[in-house]
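Summary of the model geometry
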Amino acid sequence: MYQTAARVINILPHDVNERLKRGEQLNIIDVREHQEVARGKIPGAKHIRLAELPDRLHEIDPDKETILVCRSGNRSAKACEYLMSRGYRNVKNMLGGMNAWQGDIEVSL
């Protein structure tokens, strides 16, 4: 979908969870669809659907590490590629997505 020379950097769900447990304030963007996020997301994650990224770039700080999440890791990898093509250099794809997540989730009511 998006071409970029740089390679996507992956981060393991376990590492994200451990960092959250240590109290780190992580910038996590969940790019899944509304109905997927309604079933639960990583606590504190911001929901920006993949299709909305171009219109919502201003909500993502290009200077902060940003971890992108989806169901399996495919859409979030595309989101990383897109952000990298727009000059973001500190983005990471959570490998395996929410399918591999073993930590807490928050559910929208």
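See above for the structure.
Residues numbered from 1 in each chain as written. Predicted model: local features only at pLDDT ≥ 70, side-chain atom pairs only at ≥ 80, totals over all residues. Heavy atoms only, no water.

**Quick notes on the overall build of the protein chain**
The number of helices and strands found in the protein chain is four helices and five strands. Across the protein chain, helices and strands are ordered from the amino to the carboxyl terminus as β-α-β-α-β-α-β-α-β. Along the longest, intermediate and shortest principal axes, the C-alpha atoms of the protein chain span 35 × 30 × 25 Å. Counting every position in the protein chain, which comprises 109 residues, the buried fraction comes to 42%. Expressed as a percentage of contacts within the protein chain between residues at least 6 apart in sequence, the contacts between residues at least 24 apart total 68%. Counting only carbon and sulfur atoms, one obtains 46% of the accessible surface of the protein chain, whose full area is about 6,300 Å². In the protein chain, the 17 positive side-chain charges and the 15 negative ones have mean positions that sit 3 Å from each other. (Helix = DSSP H or I, 4+ residues; strand = E, 2+ residues; numbered from the N terminus. Buried < 20%, exposed > 50% of the residue type's maximum accessible area, 1.4 Å probe, protein only. Contact = heavy atoms within 4.5 Å. Areas by Shrake-Rupley, 256 points an atom, 1.4 Å probe, with all protein chains shown as cover. Lys, Arg positive; Asp, Glu negative; His and termini not counted. Charge placed at Lys NZ, Arg CZ, Asp CG, Glu CD.)

**A closer look at the sheet that holds strand 4 (residues 66-69)**
Taken together, five strands build an open sheet; the order of strands is 1-5-4-2-3 and the sheet is parallel. Of all strands in the sheet, those bounded by a partner on one side alone are strand 1 (9-11) and strand 3 (46-47). Both strand 2 (residues 27-30) and strand 3 contribute to a ladder of two bridges, which runs parallel. Within strand 3, the position partnered with Ile29 by the bridge is Lys46. Sitting on the sheet, helix 1 (residues 13-21) touches strand 1, strand 2, strand 4 and strand 5 (91-94), and the angle it makes with strand 1 is about 65°. (Pairing = 2+ DSSP bridges. Axes fitted to C-alpha atoms, helices over the stretch in contact; angles between N-to-C directions.)

**Some details on the environment of Leu53**
Locating Leu53 in the fold gives a position in helix 3 (residues 53-56). On the basis of relative accessible area, Leu53 is assigned to the buried category, the value being 0%. Considered as a pair, Leu53 and Asn17 are 36 residues apart in the sequence and their alpha carbons are 24 Å apart. Residues in contact with Leu53, not counting those within four places in the same chain, are Ile48, Ile60, Ala79 and Tyr82.

**Comments concerning the pairing of strand 2**
Bridge analysis of strand 2 against strand 4 gives four bridges, and the strand direction is parallel. Residue pairing in the sheet places Ile29 in a bridge with Leu68 of strand 4.

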